[in-house]
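# Architecture at a glance
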Amino acid sequence: MRNLFPAACALALWTLHTYVFERFAITPAQLAESVASQMVLAMSLERAGNVALCVRILEDIERLHPGNYDVHHELGMLRRDADPPALSESIRQFSMALAIRPRSPHAIVDLAQVFLLAEDVPAAERLLVEARRLDLAYAPAWLYLGAIRAGQRDFAAAEGILRKSIELDPGPWQPHVNFGMTLRALGRPEEAATAFREAV
């Protein structure tokens, strides 16, 4: 049986948090809660399976600290991974995160991923090209650009891009699978099999 104690503690803390705010009309600034402690509470609730309460806390932090990158990033991921995904809201959150860190390849690729999920390939491609321009060693930008080229059936271009992604970061399984599928599409099954073995 799963230990429910952490979830119960987190829920009790949130109940107290809400009671103090509503009963005594104390502003968050007066209460002097740190963003970090509220983030820990929110992430604890997410791990315990209470995503709805996690989102409520993060939205509270967002209202009080609209310039906090981590809050927008977490909300963007939660909206993206929801069932069903809330892609427009995820795009809004990742866009706000990117506005805070406009030269971060990670922030750019986060937003590009959601545009791909929304089937807006041109928007995703523009972002990925920019991420690669900012940091030629950032492997995820190469990975998603390679996947786009493969989706466009430009397998020759995809091969080179995906090979570069693996060269930069051979650890993740995704580029190996994409590379293998590309090689298979190019009529090179033996090389594709080798790439697939690298994914496991």
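Heads up: the structure comes first, above all this text.
These figures come from a predicted structure and were not determined experimentally. (Residues numbered from 1 in each chain as written. Predicted model: local features only at pLDDT ≥ 70, side-chain atom pairs only at ≥ 80, totals over all residues. Heavy atoms only, no water.)

## Section: the nonpolar core
Judged by nonpolar contacts, the single largest core of 23 residues is most densely connected at L98, V109, L111, F115, L127 and L128. Broken down by secondary-structure element, the contributors of at least two residues to this core are α6 (87-100), α7 (105-117), α8 (121-134) and α9 (139-151). Looking at this core element by element, the count peaks at seven residues for α7. Leave out the neighbours within four places in its chain, and L128 touches V109, A112, A141, Y144, L145 and I148. Core analysis: the next-biggest nonpolar cluster, separate from the first, contains 15 residues, L41, A42, M43 and L78 among them. (Core = buried A, V, L, I, M, F, W, Y, C linked by side-chain atoms within 4.5 Å. Buried < 20%, exposed > 50% of the residue type's maximum accessible area, 1.4 Å probe, protein only. Helix = DSSP H or I, 4+ residues; strand = E, 2+ residues; numbered from the N terminus. Contact = heavy atoms within 4.5 Å.)

## Some thoughts on the packing of aromatic side chains
Two descriptors summarise a pair of aromatic rings, namely the distance from one centre to the other and the angle between the planes of the rings. This structure, assessed with the given rule, holds zero aromatic pairs. Directly above the ring of Y69 sits R101, whose terminal nitrogen or CZ lies 3.8 Å from the centroid. The ring of W142 carries R132 above its face, with NZ or CZ at 4.8 Å from the centroid. (Phe/Tyr/Trp six-rings, centres within 6.5 Å; stacked < 30°, edge-to-face > 60°. Lys NZ or Arg CZ within 6 Å of the ring centre and 35° of its normal.)

## What to know about the environment of Q38
Inspection of the secondary structure puts Q38 in helix α3 (residues 35-47). Look at Q38 and you get buried, because its relative accessible area is 7%. Along the backbone, Q38 and I61 are 23 residues apart, and their C-alpha atoms lie at a distance of 7.6 Å.

## Here we look at α3
With 13 residues, α3 extends 18 Å from end C-alpha to end C-alpha; this agrees with the ideal 18 Å at 1.5 Å per step. Inspection of α3 places V35, Q38, M39, L41, A42, M43 and L45 among the buried residues, and these make up the whole buried set. After α3 finishes, the residue G49 shows a positive phi value of roughly 95°. (Expected span 1.5 Å × (residues − 1).)

## Observations regarding the pattern of salt bridges
Throughout the structure, instances matching the rule amount to 11 salt bridges. With a closest N to O distance of 2.1 Å, R63 and D60 form a salt bridge. Pair noted here: R63 and D60 are both in helix α4 (residues 51-64), with a separation of three residues, about one helical turn. Given the relative accessible area of 59%, R63 is considered exposed. When the shortest N-O distance is used, the salt bridge between R133 and E130 registers 2.7 Å. (Salt bridge = Lys/Arg side-chain N within 4 Å of Asp/Glu carboxyl O.)

## Some remarks on unusual backbone geometry
The omega angle of the peptide bond from D83 to P84 is 0°, so this bond is cis rather than trans. Relative to the helices and strands, P84 is located in the loop between α5 (69-80) and α6. Positive phi, normally seen in glycine, also occurs at E119, with a value near 65°.

## Things to note about the packing of α8 against α9
Packing of α8 against α9 leaves a shortest axis separation of 9 Å and a crossing angle of 145°. The two elements α8 and α9 meet at a crossing, and its hand is left-handed. In this structure, α8 contributes V121, E125, L128, V129, A131 and R132 to the contact, and α9 contributes A141, W142, Y144, L145, I148 and R149. By residue class, the composition of the contact of α8 with α9 is nine nonpolar, no polar and three charged. (Axes fitted to C-alpha atoms, helices over the stretch in contact; angles between N-to-C directions. Left-handed = near helix turned anticlockwise from the far one by under 90°. Nonpolar A, V, L, I, M, F, W, Y, C, P; charged D, E, K, R; others polar.)

## Regarding the environment of W173
Of note, W173 is situated in the loop between α10 (155-168) and α11 (174-185). Exposure remark for W173: the relative accessible area of 49% places this residue in the partly exposed category. On a C-alpha basis, the gap between W173 and F196 in space is 8.7 Å, while along the polypeptide they are 23 residues apart.

## Notes on α10
Turn by turn, an α-helix covers 3.6 residues, leaving residues three or four places apart pointing in a common direction. An ideal rise of 1.5 Å per residue puts 20 Å on 14 residues; α10 measures up with 20 Å between its terminal C-alpha atoms. For α10, the full list of buried residues reads F155, A158, E159, I161, L162, S165 and I166. The inward-facing, buried residues of α10 contact α9 and α11.

## Some points on the packing of α11 against helix α12 (residues 189-198)
Between α11 and α12, the shortest axis-to-axis distance is 8 Å and the interhelical angle comes to 170°. Classed by the angle they form, the pair α11 and α12 counts as roughly antiparallel. Counting all contacts with α11, which are made through H176, V177, F179, G180, M181, L183 and R184, the residues of α12 involved are E191, A192, A195, F196 and E198. Residue classes in the contact of α11 with α12 are distributed as seven nonpolar, two polar and three charged. (Parallel < 35°, antiparallel > 145°, perpendicular 65-115°, else oblique.)

These values are about where atoms sit, not about what they do.
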